[in-house]
Amino acid sequence: MRHLPDAVERFSYDRTRQAIGIVHFGIGAFHRAHQAWYTDRCLEAGERDWLIGGVSLRSAEVAERLNPQDGLYTLTERSGDEAATRVIGALRKVWFSGPERQAVIARIASPECHIVSLTVTEKGYAMDGEGGLDLEQAEASFYPLLVQALGWRKAAGLPGLTLLSCDNLARNGAVLQGLVGEYILARAPPLQGWFEDSCRCPASMVDRIVPATTEEDLAQLEGRLGMTDRAAVFTERFSQWVIEDDFAGPRPGWERHGAQLAGNVAPYETAKLRMLNGAHSLLAYCGLARGHVFVHEAIADPVLRVLVDRLMLEEAATSFVPAEGQDLAAYAAQLVARFEDPELNHRLIQIAMDGSQKIPQRWLETLAAHQREGRACPAILTALAAWIRHVRGDADPVNDPLGDELRALWAKEGCAGIVPALFGPGGLFAQHWKADVEALDRLTKYVGER
Ligand code: CS2
């Protein structure tokens, strides 16, 4: 760190005598640019013992990049033509859960740990089609490690934990609580009462656009730093975090550094999922189909801009009751400005990933809310048709846990049958939104158009 240019900000706290107070599952770029950045600011302001121990569930790669750097990495905020880089010290260590399972469990079960947080993406929650837990999938995710550690805590007479979901799921806190509860019921029933009484699962709305780091980004950064950072993250200046004020024990003072504590996160979360993420997914599928690569290109396409405005203002913003003082028109304008930032180079294909896990909370809940009022949502239907065509897999690559199933469904049903197979009675997604005859017809027509 001593050799870094002066323009690079660095932390000034001593990491050697501090405990790991947070264990985080899913140590990807989003966490490093968001929660770890807020936590770094708390530590910089003098708070202690909130270092983060990261767990990587799926591959050794992040651990291999971060551990040789002692968990240190740079975060670069890009906006306009300016870039500001800071070294983040909040991350102490990364474990790859495969071979280091016991170390992870022991750390969560340690008296210093108070919070287990998660950014495991939508599919990491191992939900079945009905919103319950798919036990088989759950075994490959965070559940066994977490629940074993909770058992050790209970046996040792230690306090419960705060389990903090930072994923883009509707009602993420309650969902996490329900799913962990189901896992406990199936695998460790004696833990049930203790979990309910002593652990808390606050909801949280997280927001920061973090494009996947490219080799080109790393090479450019190396030019500026004069050294290599294999774990660097690049993001926008904007950041938002609204957290339900419901913790089991101590927590960092994140709200002193830009986060908001709220009694009810739901209106912020719904606005974010349905407006930001809803518009993102529209730009992804419609944008790819129209030959765009980046978000800033897609939002500059007048046809897509009209659709995005419509989706955000007429469909999403009117589908729920905002919090007092929550200005959804101003929010939509700010979102467009963020999408337009050309420095971010946010790839549409990154957003297009895992659509089957994202569309329920981004689009289908909005469709269902309007359907109850007898209104249609043409922009979302257009986007949905683009997604349906995308998962056929004959244009751009499809990266989705249901990819094979969706391709097989396309092969079986063809253009005429795919829409009812997805959204008709008994369809794959009917539990989230059951289309009426008019919507089915309209969607089928859109899917068939080119
Ligand atoms: C994006 C999100 O990849 C995606 O699906 O919509 O990652 C989005 O950039 C973040 O939620 C912004 O906070």
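Residues numbered from 1 in each chain as written. Predicted model: local features only at pLDDT ≥ 70, side-chain atom pairs only at ≥ 80, totals over all residues. Heavy atoms only, no water.

Draft legend 1. Broad picture of the site of the ligand. Lining the immediate surroundings of the ligand are Asn168, Asp207, Arg208, Ile209, Lys272, Asn277, His280, His346, Ile351, Lys358 and Arg362. A distance of 3.1 Å is found between an oxygen atom of the ligand and a side-chain nitrogen or oxygen belonging to Asn277. A distance of 2.8 Å is found between an oxygen atom of the ligand and a side-chain nitrogen or oxygen belonging to Lys358. Its free accessible area being 340 Å², the ligand has 89% of it covered by the protein chains. (Near = heavy atom within 4 Å. Polar contact = N/O pair within 3.5 Å; in protein donor to acceptor, adjacent residues only side chain to side chain. Areas by Shrake-Rupley, 256 points an atom, 1.4 Å probe, with all protein chains shown as cover.)

Draft legend 2. Region of interest: helix H17 (residues 403-423). Given a rise of 1.5 Å per residue, 21 residues ought to cover 30 Å, yet the end C-alpha atoms of H17 are separated by just 17 Å, more than 12% below that figure. Of all the bends in H17, the greatest, near 120°, is centred on Gly414. Along H17, the residues classified as buried are Gly403, Leu406, Leu409, Trp410, Gly417, Ile418, Val419, Ala421, Leu422 and Phe423. Looking at the buried side of H17, the elements it contacts are helix H15 (355-372), helix H16 (378-390) and helix H18 (437-448). (Helix = DSSP H or I, 4+ residues; strand = E, 2+ residues; numbered from the N terminus. Expected span 1.5 Å × (residues − 1). Bend = angle between axes of the 7 residues up to and from the residue. Buried < 20%, exposed > 50% of the residue type's maximum accessible area, 1.4 Å probe, protein only. Contact = heavy atoms within 4.5 Å.)

Draft legend 3. A look at the environment of Val206. Mapped onto the elements of the fold, Val206 is located in strand E8 (residues 204-207). With residues near it in sequence (within four places) discarded, Val206 still touches Phe30, His34, Cys166, Asn168, Gln240, Trp241 and Lys272.

Draft legend 4. Representation of the sheet that holds strand E11 (residues 260-262) in the model. The strand order E8-E10-E11 describes an open sheet built from 3 strands, whose pairing is mixed. Edge strands, defined here as strands with exactly one partner in the open sheet, are E8 and E11. The sheet shows a mean angle of 20° between the axes of neighbouring strands, taken without regard to direction. (Pairing = 2+ DSSP bridges. Axes fitted to C-alpha atoms, helices over the stretch in contact; angles between N-to-C directions.)

Draft legend 5. Region of the structure containing the sheet that holds strand E4 (residues 82-88). The sheet built from 3 strands is open, its strands ordered E4-E3-E9 with mixed pairing. The outermost strands of the open sheet, each flanked by one partner alone, are E4 and strand E9 (233-235). The average undirected angle you get between the axes of adjacent strands in this sheet is 20°. Judged from the 3 bridges that link them, strand E3 (residues 73-79) and E9 form a sheet pairing that is parallel.

Draft legend 6. A look at the environment of Glu340. Position of Glu340 relative to the elements: it lies in helix H13 (residues 328-340). Apart from the residues lying within four places of it in its own chain, the contact partners of Glu340 are His296, Ile299 and Arg305.

Draft legend 7. Seen up close, the domain arrangement of the chain. Annotation of the chain at the domain level lists domain 1 (15-262) and domain 2 (266-448). Measuring from the centre of the C-alpha atoms in domain 1 to the corresponding centre in domain 2 gives 28 Å. Each partner contributes to the interface: domain 1 provides 29 residues, whereas domain 2 provides 27 residues. When domain 1 packs against domain 2, close to 2,300 Å² is buried across both sides, 51% of that on carbon and sulfur atoms. (Domains from an automatic or database assignment. Buried area = accessible area lost by both parts, 1.4 Å probe.)

Draft legend 8. Representation of the pattern of salt bridges within the structure. Evaluated as defined, the whole model comprises 28 salt bridges. A salt bridge links Arg362 to Glu122, with the nearest nitrogen and oxygen atoms 3.9 Å apart. One end of the pair, Arg362, is in helix H15; the other, Glu122, is in the loop between strand E6 (115-118) and helix H5 (135-138), and 240 residues separate them in sequence. Across this residue pair, the class does not change: Arg362 and Glu122 are buried. Glu340 is the partner of Arg305 in a salt bridge, and the nearest nitrogen-oxygen pair spans 3.7 Å. Of the two residues, Arg305 is situated in helix H12 (residues 302-316) and Glu340 in helix H13; the sequence distance between them amounts to 35 residues. Taking the relative accessible area as the measure of exposure, Arg305 reaches 29% and is therefore partly exposed. What you see here is one network of salt bridges that share partners, running through Glu9, Asp40, Glu44 and Arg86. (Salt bridge = Lys/Arg side-chain N within 4 Å of Asp/Glu carboxyl O.)

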